[in-house]
Amino acid sequence: MRIIVGFDCYAKIVECDNLNLSQFPELLENFKEWLYVENEGCLCIKKSLNVEILDISVVLRFLNENYPDFNARVVNDYIVIENIDESLPIIAL
């Protein structure tokens, strides 16, 4: 299954084995819990993750640490937001 990881001006496509669309909402919720902590009403990236730049490597790290059987990999390095296939699930960063 393919997932779009969307940034402000561009996106990347990540392909995962052994993932189906029905699992995506739970995966997205787990990603948010893994990445963010609430601090005085604001969502902040957990300091324990040592993330300096929020990029595709953070998503791949999450997938590889939490879902190693998905074999997550980038299959499309750069696409502009206007060209996103809206039929694919999206992780927006």
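Throughout what follows, the structure given in this document is the object of discussion. All values reported here derive from a predicted model rather than from experimental measurement.

Focus on the side chain of Lys12
Within the element layout of this structure, Lys12 appears in strand 2 (residues 10-15). Setting aside its immediate chain neighbours within four residues, Lys12 contacts Ile3, Ile4, Val5, Ile56, Asn76 and Asp77.

What about the sheet that holds strand 1 (residues 2-6)?
The sheet built from 4 strands is open, its strands ordered 5-2-1-6 with mixed pairing. Among the strands making up the open sheet, the edge pair consists of strand 5 (73-80) and strand 6 (90-92). On average, adjacent strands in this sheet sit at an angle of 25 degrees to one another, irrespective of strand direction. Direction of pairing for strand 2 relative to strand 5: antiparallel, over a ladder of 5 bridges. Within strand 5, the position partnered with Ile13 by the bridge is Asn76. Sitting on the sheet, helix 1 (residues 24-35) is in contact with strand 1 and strand 6, with an inclination near 15 degrees to strand 6.

Observations regarding helix 1
Note that an α-helix has 3.6 residues per turn; residues three or four places apart therefore point the same way. Between its first and last C-alpha atoms helix 1 spans 16 Å; for 12 residues at 1.5 Å apiece the expected length is 16 Å, and the two agree. Here helix 1 has its buried residues at Phe24, Leu27, Leu28, Phe31, Trp34 and Leu35. Each buried residue of helix 1 lies within a common arc of 125 degrees when the element is viewed along its axis, so the set occupies one face. What points out from helix 1, more than 90 degrees from its buried face, is the exposed set Pro25 and Glu26.

Focus: the nonpolar core
Among the nonpolar cores identified, the biggest contains 23 residues, and Val14, Cys16, Leu27, Phe31, Leu63 and Ile91 are the most heavily contacted of them. For this core, the secondary-structure elements that each account for two or more residues are strand 1, helix 1 and helix 2 (56-66). Every residue in contact with Ile91, bar those within four places of it in the chain, is listed here: Ile3, Ile4, Val5, Gly6, Phe24, Leu27, Leu28, Phe31 and Val59. Judged by nonpolar contacts, the second largest core, of 5 residues, contains Ile4, Ile13, Ile79 and Ile84.

Calculation notes
- Residues numbered from 1 in each chain as written.
- Predicted model: local features only at pLDDT ≥ 70, side-chain atom pairs only at ≥ 80, totals over all residues.
- Heavy atoms only, no water.
- Helix = DSSP H or I, 4+ residues; strand = E, 2+ residues; numbered from the N terminus.
- Contact = heavy atoms within 4.5 Å.
- Pairing = 2+ DSSP bridges.
- Axes fitted to C-alpha atoms, helices over the stretch in contact; angles between N-to-C directions.
- Expected span 1.5 Å × (residues − 1).
- Buried < 20%, exposed > 50% of the residue type's maximum accessible area, 1.4 Å probe, protein only.
- Arc of directions from axis to C-beta.
- Core = buried A, V, L, I, M, F, W, Y, C linked by side-chain atoms within 4.5 Å.

Structural measurements only, silent on function.
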